[in-house]
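Coordinate inspection notes
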Amino acid sequence: MPDIRILVVDDEPDIRATVSAMLEIEGYDVAEAPDGAAALAAIEQRRPDIILLDMRMPILDGWGFAAELRRRGHQTPIVVMTAARDAARWAGDIAAAAFVAKPFGYDDLISAVESARPPS
Amino acid sequence: MTALELISLINQVLFIGLFVVVLRRALRDRTAMSFNAALLFGAIAGTVVLARVADWLGVSGQAGVTAVTLILLTAAPFAMLRLVDDFSGTPRWVQIAGGAAFVGVSVLATLGFERMEQLVEIIIIVFFVAVGGFAAYAFARESRRSRGITRRRMMAVSIGAGLFIAAVVLVLLAALLPVPAPGLGIVGQVLALTAVTAFYFGFVPPTWMRRAWREPDLRGFLERSIHLTSVPDDRAAILELQGAVANAFGASGAAVGIANADGTVLRYADAGEWVEFPADAFIAGRAFQQQRRVVAIDAATTDPDNADTYAASNAQTVISAPITTDDRRIGVLSIFAERAPVFIEDDLWLLELLADQTAVLLEARTLTAHASELRAREDAAYLKEEFLSAAAHDLRTPLTVVLGQAELMERRLARDPYAPVDPAGVARMVREARRLRDLVTELLDAQRLEQGQILMDRVPDDLCAIVEVVRARHGERGITIPLTRPDEPLVGLVDRPRMEQVLENLIDNAMKYGEQPPRLEIGATGDEVRIAVIDRGVGIPEEERDRIFERFFRASNVQSVTDTGLGLGLHICRRIVAEHGGRIWHEPTPEGGSTFVVALKLEIPLIPAPDADSVPAWPSASGAGSLVDA
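Residues numbered from 1 in each chain as written. Chains lettered and ligands numbered in written order. Predicted model: local features only at pLDDT ≥ 70, side-chain atom pairs only at ≥ 80, totals over all residues. Heavy atoms only, no water.

Time to look at the overall build of chain B. Looking only at helices and strands, chain B features 17 helices and 13 strands. The C-alpha radius of gyration of chain B comes to 42 Å, more than 25% above the 25 Å expected for a compact globule of 630 residues. The principal-axis extent of the C-alpha atoms belonging to chain B is close to 150 × 60 × 50 Å. Out of the 630 residues in chain B, the part that is buried amounts to 44%. Considering only contacts within chain B whose residues lie at least 6 apart along the sequence, 67% involve residues at least 24 apart. Entry remark: accessible area of chain B is about 31,700 Å², with carbon and sulfur atoms responsible for 58%. (Helix = DSSP H or I, 4+ residues; strand = E, 2+ residues; numbered from the N terminus. Rg over C-alpha atoms; globule rule 2.2 N^0.38 Å. Buried < 20%, exposed > 50% of the residue type's maximum accessible area, 1.4 Å probe, protein only. Contact = heavy atoms within 4.5 Å. Areas by Shrake-Rupley, 256 points an atom, 1.4 Å probe, with all protein chains shown as cover.)

Residue and element names in this part refer to chain B. Relative to strand E2 (residues 265-269), strand E1 (residues 253-259) is paired through 3 bridges, and the arrangement is antiparallel. Bridge pairing links Ala259 to Leu266 in E2. What sits between E1 and E2 in their antiparallel hairpin is a turn of 5 residues, with Gly263 showing a positive phi close to 70°. For E2 and strand E3 (residues 274-278), the ladder comprises 5 bridges, and the chain directions are antiparallel. Across the sheet, the residue bridging to Tyr268 is Val275, located in E3. (Pairing = 2+ DSSP bridges.)

Attention shifts here to a nonpolar patch on the surface. All names here are of chain B. Taken together, the side chains of Ile16, Val20, Val49, Val53, Trp56 and Leu57 make up a nonpolar region of the molecular surface, amounting to roughly 590 Å² of accessible area. Among the elements of the structure, helix H1 (3-29) and helix H2 (32-57) are those that each provide at least two residues to the nonpolar patch. Of all the elements, H2 adds the most residues to the nonpolar patch, at 4 residues. Mapping Val49 onto the fold places it in helix H2. A relative accessible area of 38% places Val49 in the partly exposed class. (Patch = residues over 30% accessible without salt bridge, like charges linked within 9 Å, V, L, I, M, F, W, Y side chains within 5 Å. Salt bridge = Lys/Arg side-chain N within 4 Å of Asp/Glu carboxyl O.)

Let us now look at the packing of aromatic side chains. Residue and element names in this part refer to chain B. Scanning the model with the defined rule gives 11 aromatic pairs over all chains in all. With 6.1 Å between their ring centres and 85° between their planes, Phe549 and Phe596 make a pair best called edge-to-face. You can see Phe549 sitting in the loop between strand E11 (528-534) and helix H17 (569-579) and its partner Phe596 sitting in strand E13 (residues 594-601), a full 47 residues away along the chain. A residue is classified by how much of its surface remains accessible, and Phe549, at 6% relative accessible area, is buried. (Phe/Tyr/Trp six-rings, centres within 6.5 Å; stacked < 30°, edge-to-face > 60°.)

Once that is clear, we can look at the side chain of Thr589 of chain B. Residue and element names in this part refer to chain B. Examined against the element boundaries, Thr589 turns out to sit in the loop between strand E12 (583-588) and E13. Overall, Thr589 belongs to the buried group, its relative accessible area being 3%. A polar contact is formed between the side chain of Thr589 and the backbone oxygen of Asp535, at a distance of 3.0 Å. In this structure the side chain of Thr589 is engaged in a polar contact, spanning 3.0 Å, whose partner is the backbone oxygen of Ser594. (Polar contact = N/O pair within 3.5 Å; in protein donor to acceptor, adjacent residues only side chain to side chain.)

To continue, consider the nonpolar core. All names here are of chain B. Core analysis: the biggest nonpolar cluster contains 51 residues, and Phe139, Phe164 and Phe199 have the highest contact counts within it. Among the secondary structure elements, those contributing two or more residues to this core are H1, H2, helix H3 (63-88), helix H4 (92-112), helix H5 (117-145), helix H6 (148-176) and helix H7 (182-203). Looking at this core, the element that brings in the most residues is H3, giving 11 residues. Setting aside residues up to four positions removed in sequence, Phe164 forms contacts with Phe15, Ile44, Ala76, Met80, Phe128, Ala195 and Phe199. With 35 residues, the next largest nonpolar core counts Leu520, Val533, Cys573 and Val577 among its residues. (Core = buried A, V, L, I, M, F, W, Y, C linked by side-chain atoms within 4.5 Å.)

Residues and elements named next belong to chain A. Overall, parallel pairing links the 5 strands, which are arranged E2-E1-E3-E4-E5 in an open sheet. Of all the strands in the sheet, just strand E2 (29-33) and strand E5 (98-101) have a single pairing partner and so form its edges. With strand direction ignored, the average angle separating the axes of adjacent strands in the sheet is 20°. Sheet topology places strand E1 (residues 5-9) next to E2; 5 bridges connect them, and they run parallel. In the strand pairing of E2, Val8 is matched with Glu32. The strands touched by helix H2 (residues 36-46) within the sheet are E1, E2 and strand E3 (50-53), with E1 carrying the most contacts at an inclination of about 165°. (Axes fitted to C-alpha atoms, helices over the stretch in contact; angles between N-to-C directions.)

Our focus in this paragraph is the pattern of salt bridges. Side chains that differ in sign of charge can pair as their charged atoms come close. Per the counting criterion, the structure on display carries 34 salt bridges over all chains. Counted as one network, the salt bridges with shared partners bring together Glu44, Arg47, Glu68, Arg71 and Arg72 of chain A.

Moving on, we get to the pairing of strand E4 (residues 78-82) of chain A. Residue and element names in this part refer to chain A. Among the 5 residues that make up E4, 5 are buried, leaving the element largely enclosed by the rest of the structure. Judged by which residues are buried, E4 turns out to be covered on both faces: Ile78, Val80 and Thr82 on one side and Val79 and Met81 on the other are all buried. By the bridge criterion, 3 bridges tie E3 to E4 in an arrangement that is parallel. Residue Ile51 lies in a different strand from E4, and its bridge partner there is Ile78. You can see the chain leave E3, run along helix H3 (residues 62-71) and come back into E4, and the turn it takes is right-handed. Two elements, E4 and E5, share 4 bridges in a ladder whose sense is parallel. Its bridge partner lying in E5, Met81 is registered against Val100. Handedness of the crossover joining E4 and E5 through helix H4 (residues 87-93): right-handed. (Right-handed = clockwise from strand over helix to strand, strands pointing away.)

Written out as structure tokens, the structure reads:
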């Protein structure tokens, strides 16, 4: 699946690195961003197919990022990943394709990403 | 009928009416005071009736009638003198002299009036002015010494006595004058009318007037006591309540006894502690047991077993009333007076009123306590919820990394058993596992904190040594922490592991937000040991400095720092320091950054040993030999 590009947005570097490593083993092409603002910049360059999005982040949080993304006309599917108990509700808030609640394991992550993957 | 005759008639009716009321009370109460009051108004009423009857029989002006009239009239100042003795006490000679003068004037009036009319009248005037004037003055003095209703009633009696004397003297003077002076007669009758009104107010005040007089005392009591519903300390509240009650009475003291649940013990607030007595002890105990007011005019006689206690409290007279609501016997209220009350029915009235108010206040206190207990429980439940939520969130992130890295490793090994170890992944795993451990420790500390089990035994320990230990621990990890300390030990009462935890926590915070090790300073200031942890980090915004010790609070300028804890660290520090009886505070480091200061009581000041070798090493128990008493 080298053709599937994923952007991982999370303010925790260790989470980003761990998630990226899992996705890379599965063959995805992964890029990272530490917050919503950096993610918006990366979108324009990389045009990811899926966005893995933490919700509570500094500078620009998940809600702000999702709103701006849609405003710019991108329909990229989003997978919410959060440690909050409200993961499902927050995913609904921004019309995410899927969500994965921290702490998640390998299989949880991959199946969430697979479910959000646009039909090729 | 002329106006003068009308006023005269009114006066006569009023005095007779007053006599009837006072006489009835004397027959009921059978006290010296009530009999003397009856004697006073009996004398006046007798004079009036006699004049009317003599007039009617056509015998007025006859010698016998005049003599009896004069004797009755002079009995009035004598009765006043007796009343003064009842109210405030007088030297024995005053009563003897007054009695002798009364007898002398009576004899003179009987035997000598015909022959030396003017001389007798002048002597009677002198008698009135001297004896009656003294009585009026004594009533006024007693009024000034009293409070509340007694003060006002006594003032009314004083005014009545003074005006009555003045009225009689005026009438007698008018008779002495060679020419008729009807003006003096009118003035005399008006004075008499005012006098009888004042006597009514003094001896039998109407209820509305008592209420009006009582109002300032009651208001004073309520103003002093209404805030007591929210005074947290029971004993302090009771002591204040007693002060308010004593003040309302102008009594030397008051006592509020609070009954226990089964009503077998009455608990009293003393300056330093609660004192408990069996529920039947003291005069107050009788009032509580019998659920009725008890008046002990002479407390030492009524309750001889406790005479010493009453003497010690300056309590000649004790009046007690039960504090009871509809369904609950709360306790008993007592007042102590240095002298027997003058108008005891008013004091009883006020006491029962205050006992009722006290019942309301104490009930309100109980309700307030219940309410705040409930609120505290709700708060605790909310905080627990909040806490669990925050804790769960903060635990999930490191757990995700540890789990994710472990599973990654598992997959890699499954694909290739000889796959090289990913050093960055292992480092992440270790880092996040440690973070998890720290969070769990913090959580457990917080949990213990909530259950109030945070502090173990406190023993005398050298704080310099504790600081050195913490510093050495960092040194082992290659972290050098500069320390400024005095040469001699600084001893405080310390739970050592907990104090080390406080210092570790402050140092960790400094490293986290200052990105380099802080400086430590320890020294004695007055009777305090102060330990300062000084960093040059991001500091704390001024408006947040008061809040940083709150639970879950994180300063706004560190929210973006990823590796934050639960926001419990400083809260735990403050709690530990507070349980040591110490203080912890933050102040900005002058060159930028934060300084946290822990101040503990310096328990045992040391004198520097003249020869260090001759002193046993601290902190062995025998080291006490080098100590002096504080």
